[in-house]
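Residue-level listing of the chains:
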Amino acid sequence: MEKTLATSDNTRSISVLSSAAVKSRDAGFERRTKRRLSQTKASVCVSGEEEDDEEEELKEKIEALQRIIPGGTALGVDALFEETAGYIMSLQCQIKTIKVLTSFIQRLDKQDMKFGG
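Residues numbered from 1 in each chain as written. Predicted model: local features only at pLDDT ≥ 70, side-chain atom pairs only at ≥ 80, totals over all residues. Heavy atoms only, no water.

Caption draft 1: Summary view of the overall build of the protein chain. Across its full length, the protein chain carries three helices and two strands. For the protein chain, buried positions account for 7% of its 117 residues. Counting only contacts in the protein chain whose residues sit at least 6 apart along the sequence, the fraction spanning at least 24 positions is 0%. In the form shown here, the protein chain has an accessible surface area of approximately 10400 Å², with 56% of it arising from carbon and sulfur atoms. (Helix = DSSP H or I, 4+ residues; strand = E, 2+ residues; numbered from the N terminus. Buried < 20%, exposed > 50% of the residue type's maximum accessible area, 1.4 Å probe, protein only. Contact = heavy atoms within 4.5 Å. Areas by Shrake-Rupley, 256 points an atom, 1.4 Å probe, with all protein chains shown as cover.)

Structural data, given as structure tokens:
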């Protein structure tokens with residue numbers, strides 16, 4: 001909603017928000033803020049036992065990853081993650097190669113059938 005104020009010198013246009021819109025915006029801000037605070041409190045209020053469980057679970061996952069990645073048992077965590085990324089890219093490349101070769105062989109088989117071979 002826009003209201004115009006007239007003065008003796010000039011006319012100024014002032015944008016005025018309705019009180020309902022302001023209240024709605026403020027209420028949304030408060031909800032988001034409360035949600036963020038509760039999430040922060042929840043993450044900070046992890047008990048020592050839960051923290052130990054999470055740490056143990058993380059160690060188990062890292063050990064499993066070390067067993068999967070070739071040479072992973074000799075690597076630290078940072079190097080393990082870098083090696084994992086390279087290994088994933090290598091596997092993706094191998095999959096693409098196998099798909100291309102399979103497609104090529106299938107086309108050859110179809111051509112052989114057409115020519116009675």
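Caption draft 2: A nonpolar patch on the surface, seen in detail. Together, Phe104, Ile105 and Leu108 line one region of the surface with nonpolar side chains, adding up to about 270 Å² of accessible area. Taking relative accessible area as the criterion, Leu108 reaches 36% and is therefore assigned partly exposed. (Patch = residues over 30% accessible without salt bridge, like charges linked within 9 Å, V, L, I, M, F, W, Y side chains within 5 Å. Salt bridge = Lys/Arg side-chain N within 4 Å of Asp/Glu carboxyl O.)

Caption draft 3: Structural view of the pattern of salt bridges. Following the criterion strictly, the structure yields two salt bridges and no others. The salt bridge involving Glu57 is made with Lys61; its shortest N-O contact spans 3.4 Å. One end of the pair is Glu57 and the other is Lys61, both in helix H2 (residues 48–68) and four residues apart, which spans about a single turn.

Caption draft 4: Local environment of the side chain of Gln66. One can find Gln66 in helix H2. What makes Gln66 buried here is its relative accessible area of 17%.

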